[in-house]
Amino acid sequence: MVKLKHRFMKIKAFFSKFRNKLFANFIVIAVIPILIVGSLSYVLAYHIAKDRIIDSVSYTSTQLNTSLAERFTQMEDAANVMEYYMYTLILQSDTSLSEQLSTYSNVRNSLFNLSRTFEFGNVSVYTNDQFIFSNEGITFFSFDDLSMRGITIEEMEQQANQLNWSVMHDIKEPFVKYKSNASNHYVSVSKAFQLANKDTLEYIFFIDIPVAEIAKLLEERAIGTSINAYLLDENGQLIIGEDQFVDREMLSEQLNTSDIGKNSTLTVGDATVIIQRNPITQWLLVTEVPNQYIRSNTSVLISILLITLVLTVVVAIISSLFISHNLSKRVNKIAEVIDKIKSNNHSIYDTNMVLPVSNKPEFHDEFDRLSLVFNDMTKKLREDFEQILTMRKMEEKMQFELQQSKINPHFLYNVLDSIKNCQTSGNIEEANQMISRLAKFYRLLLKKENELIPIQEELEIATLFMEIEHINKTNSFTWEIHTDDMIEKFLLPKFVLQPIIENCLKHALYYNGDILHIVISLVYEEDYILIQVKDNGQGIGQEQLMEIRQVLATRKMDSRKFFGLSNVNYRVASFSKCEEPLKMISTPNQGTLVEIRMDQMFPEDGIEEMTP
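The present account deals with the structure reproduced in this document.

On to the overall build of the protein, then. When helices and strands are tallied, the protein shows 18 helices and 17 strands. The buried share of the protein, taken over its 612 residues, is 40%. Counting contacts in the protein only where the partners sit at least 6 residues apart, residues at least 24 apart contribute 64% of the total. Carbon together with sulfur atoms contributes 55% to the accessible area of the protein, which is approximately 35100 Å² in total.

Laid out in C-alpha cells, this is it:
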C-alpha cells in the first residue's frame, strides 16, 4: 500500500509539470495528425478530380479549335481563289472596254457564288479609280472607300503580299447591299497586292464572316455557364468574347513569360486557363476553368471527407477542453493580471495583483515558479515606479526653472545696456523712465510663479518692453495691438511676446531713418488662439530663414543660435496641439510675420495641471 501510494505521488509529481501536461494533452487529442491526414486526403481528392475535369475541358477546347481552324481554312482557300480572279481582272495587260466589262461580270458572278457557297458575310475588293468598276459600290470599291473599314491605304501597304487576319468593328456597308445603315462586325482575312517593280498597291480584297458566327461557336462548345472561352490575337489582346474569371493583366504577364505551344495550361489567380494556338490565324483560344467549378463538381466527395474531418476534430476539441480546463485557469489568471497592469499603470499599486502559488513547494511546476517571479517583479516595480515618478517631477521642475532663468537675464542685459546708453548720453529723465518701467515690468513678471498667465498680463509685459525700447531707440518705431473680444481672459505661456518683439527691434529696424511699424494681433481661429507679430522691416534672407525653420521643427531649445525663438517655440509646443505651433514667414525688404497657435485655455482649467 505504501509503495502504491509512493508511485502515485511520483506520477502526480510528473504530471504536475506543465510541459508534461501539455505533452499528454496532445497525445490524447491528436488533432494535428488528424488535420494533416484530412488535409492530404482533401488535396489528393481535389487534384484527381481537377485533372479529370481539365482533361475533359481540354478535349472539348481541341474540338472547338479544330472547328475554328476548318472555318478559317475555308476563308484562306477562298483568298487563294480570289488571287486568281484578281489576276484575270486587274493584272492582265490593257484590254478593250468590252473585254473589261465581260471579265468584270464573270468575276463578280464568281465572287457572288463563292460568298454563297461558303456562307461568307461579305467579299469586298478595293482598286484604283482607273478601273470603270472601282466605284461599283457593292463588291468593288475605290481605295478611298477604305475609310468605311476604319483603315488607310498606308496601313495596308505595310502588310502587302501577305494574308492578314483581323477583327474589324463598326464597318459601314452600302445601303443598297443590306437595305440598312447598321454597322457590322467581321472576322476578316485580307490581302493587299503590290507588284515588285511598283511602289503602289494594285488591289486589296477582304473576305469577311460575322463576329457573331465565331461567338456562337464559342458559346455552343462551352461546358455550361461556368466554363468561358474567348479569342486573343497573337499579341494577347482580346478580340472575341469576354474574360470572366481571370484578370487580364495577370494573364498577359504569364503569356509574355511562357512559351505557348499547341496546347498549354496555366494557373492564373483562382482559375485554370487552357490555351490553344489556332494553326491558321495564330490566334489563341483561351478557355477559363474557375476552381469554383472544379470544387462544385467534387462537392459530394469533399463533403463526406469534410464531415468526417469535422466530427473528428469536434471530438478532439471537446476532449481537449475537458482535459485542459485546469491548465487554462492559471494561464487566464496570469493574463488577467498582466492586462490590468498594462491598461492601467496605477494597478501596480493594487496589493491584490498577486498570482496564486501552491502551498506545497515539492509540487511546484513552471507556473508556480513563474508566479513567484512575477510577484517579486511587481513588488520591485512598485518601489522603482515611485522613485522614478518623484525624480521625474523634480527634473521637470528644475528644467523649467532653468529655462526661465536663461531668458530673463537675456532680456535684463539688453535693458540695462539701454539704460547705460541713456545715462552716458545725458538722458537722465529717459533713464529714470526706463528704470520705472523696468521695475513695473519685473513686478508683472515675478507676480506669479505659474508658467501660464492671462493674455492681458502678457500684453502689459510686451507694452512695457516696447515703451522702454521706444525711449532707447529715440522713437524709431511704432506699434499697434489688436485683440478679439474677451480674448484677454485666455492663458498663454509667460514671456512669449517679448523675445519676438526684441528680434523685430534688433534685426528688422531700419538704420536709414525709416520708421519701423509693428502690428500685434490676437484672434480666435477654430480651437486655437492665433497670435501674429508683423513688422515692415528689413526681413530675413532665405538661407537664414531655412536655418530658423529647421531649429523650430525640432521643438528643442538651441542655446547656440536663435535662442529666443527656440525657447518660445519649446514652451508654446507644450500647450499646443498644432503641428507647427510657431511659424515664421519673411520677405527681404518687406518684413517678417511670426505666427503662434495656442490651444484655448481658461484659468478655471487649472494652471498647475497645464504647466510642463
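Before going further, it helps to examine the packing of aromatic side chains. Under the defined criterion, the tally for this structure stands at 15 aromatic pairs. Look at Phe133 and Phe140: their rings are 5.2 Å apart centre to centre, the planes differ by 65°, and that puts the pair in the edge-to-face class. Assigned by exposure class, Phe133 and Phe140 land together as buried. Chaining the aromatic ring pairs together yields one cluster made of Phe72, Trp165 and Trp283. In this structure, Arg149 is placed above the aromatic ring of Phe206, and the distance from its NZ or CZ to the ring centre is 4.1 Å.

As a further point, take the sheet that holds strand β8 (residues 263-268). Sheets are built from strands paired through backbone hydrogen bonds, the pairs being either parallel or antiparallel. Taken in spatial order, the five strands make up an open sheet running β7-β6-β10-β9-β8, and their pairing is antiparallel. Looking at strand neighbours, the two that pair on one side only are β7 (238-240) and β8, the edges of this open sheet. Pairs of neighbouring strands in the sheet enclose a mean axial angle of 35°, with direction left out of account. Here six bridges tie β8 to strand β9 (residues 271-277), and the two strands are oriented antiparallel to one another. Bridged to Thr267 within β9 is Thr272. Each of β6 (228-232), β7, β8, β9 and β10 (284-290) is contacted by helix α8 (residues 248-257), which is oriented at about 135° to β8, the strand it contacts most.

Moving on to the pairing of β10. Here β10 lies mainly inside the structure; seven of its seven residues are buried. On β10, burial covers both faces: Leu284, Val286, Glu288 and Pro290 on one face and Leu285, Thr287 and Val289 on the other are all buried. As defined by bridge partners, β6 adjoins β10 across five bridges and the pair is classed as antiparallel. Residue pairing across strands places Leu231 opposite Leu285, the latter belonging to β10. In terms of strand pairing, β9 meets β10 through seven bridges, oriented antiparallel. Across the sheet, the residue bridging to Ile275 is Val286, located in β10. Taken together, β9 and the strand that follows it, β10, pair antiparallel across an intervening segment of six residues, in which Gln282 is found at a positive phi of about 65°.

Ranked by size, the top nonpolar core spans 54 residues in total, and within it Phe441, Ile455, Ile501, Ile518 and Ile596 carry the most contacts. For this core, the element with the highest residue contribution is helix α14 (residues 455-472), accounting for nine residues. Excluding residues within four positions of it along the chain, Ile455 makes contact with Ile487, Glu488, Phe490, Leu492, Leu522 and Ile529. With 40 residues, the next largest nonpolar core counts Phe72, Tyr85, Val187 and Ile209 among its residues.

A separate point is a nonpolar patch on the surface. A cluster of nonpolar residues, Ile32, Ile36 and Leu40, forms a patch on the protein surface that exposes about 310 Å² of accessible area. For Ile36, the position within the fold is in helix α3 (residues 31-91).

Moving on to the environment of Ala69. In this structure, Ala69 sits in helix α3. Separated by 210 residues in the primary sequence, Ala69 and Pro279 place their C-alpha atoms 6.7 Å from one another. Once residues within four sequence positions are removed from consideration, Ala69 is found in contact with Asn278, Pro279 and Ile280.

What follows is about the sheet that holds strand β1 (residues 122-127). Read from one edge to the other, the open sheet built from five strands follows the order β2-β1-β5-β4-β3, with strand pairing classed as mixed. Because the sheet does not close on itself, it has two edges, and the strands there are β2 (140-142) and β3 (164-172). Pairs of neighbouring strands in the sheet enclose a mean axial angle of 35°, with direction left out of account. Inspection of the sheet shows β1 paired to strand β5 (residues 203-210) by six bridges, in the antiparallel sense. The residue bridging Tyr126 from the neighbouring strand is Ile204, located in β5. Helix-sheet contacts for helix α4 (residues 97-117) involve β1 and β2, and the interaxial angle to β2 is about 115°.

It is worth spelling out the pattern of salt bridges at this point. What the rule picks out here adds up to eight salt bridges. A salt bridge links Glu213 to Arg71, with the nearest nitrogen and oxygen atoms 2.7 Å apart. Taken together, the residues span a long stretch of sequence, with Glu213 in helix α7 (residues 211-221) and Arg71 in helix α3 at a distance of 142 residues. Under the relative-accessibility criterion, Glu213 is labelled partly exposed at 27%. Residue Glu525 is joined to Arg597 by a salt bridge in which the shortest nitrogen-to-oxygen separation is 2.8 Å. Of the two residues, Glu525 is situated in strand β14 (residues 516-525) and Arg597 in strand β17 (residues 591-599); the sequence distance between them amounts to 72 residues. Among the residues examined, Arg597 registers a relative accessible area of 16% and is labelled buried. Each of the salt bridges in this network shares a partner with another, and the network as a whole consists of Glu525, Glu595 and Arg597.

It is at 9 Å that the axes of helix α16 (residues 542-554) and helix α17 (residues 563-573) come closest, and there the two elements cross at 30°. By the angle between their directions, the pair α16 and α17 is classed as roughly parallel. Helix-helix and strand crossings are classified by hand; for α16 and α17 the assignment is right-handed. Across from Ile548, Val551 and Leu552 in α16, the residues of α17 making contact are Leu565, Ser566 and Asn569. When its residues are assigned to classes, the contact of α16 with α17 shows four nonpolar, two polar and no charged.

Rules and cut-offs
Residues numbered from 1 in each chain as written. Predicted model: local features only at pLDDT ≥ 70, side-chain atom pairs only at ≥ 80, totals over all residues. Heavy atoms only, no water. Helix = DSSP H or I, 4+ residues; strand = E, 2+ residues; numbered from the N terminus. Buried < 20%, exposed > 50% of the residue type's maximum accessible area, 1.4 Å probe, protein only. Contact = heavy atoms within 4.5 Å. Areas by Shrake-Rupley, 256 points an atom, 1.4 Å probe, with all protein chains shown as cover. Phe/Tyr/Trp six-rings, centres within 6.5 Å; stacked < 30°, edge-to-face > 60°. Lys NZ or Arg CZ within 6 Å of the ring centre and 35° of its normal. Pairing = 2+ DSSP bridges. Axes fitted to C-alpha atoms, helices over the stretch in contact; angles between N-to-C directions. Core = buried A, V, L, I, M, F, W, Y, C linked by side-chain atoms within 4.5 Å. Patch = residues over 30% accessible without salt bridge, like charges linked within 9 Å, V, L, I, M, F, W, Y side chains within 5 Å. Salt bridge = Lys/Arg side-chain N within 4 Å of Asp/Glu carboxyl O. Parallel < 35°, antiparallel > 145°, perpendicular 65-115°, else oblique. Left-handed = near helix turned anticlockwise from the far one by under 90°. Nonpolar A, V, L, I, M, F, W, Y, C, P; charged D, E, K, R; others polar.

Honestly, it's all geometry; don't read function into it.
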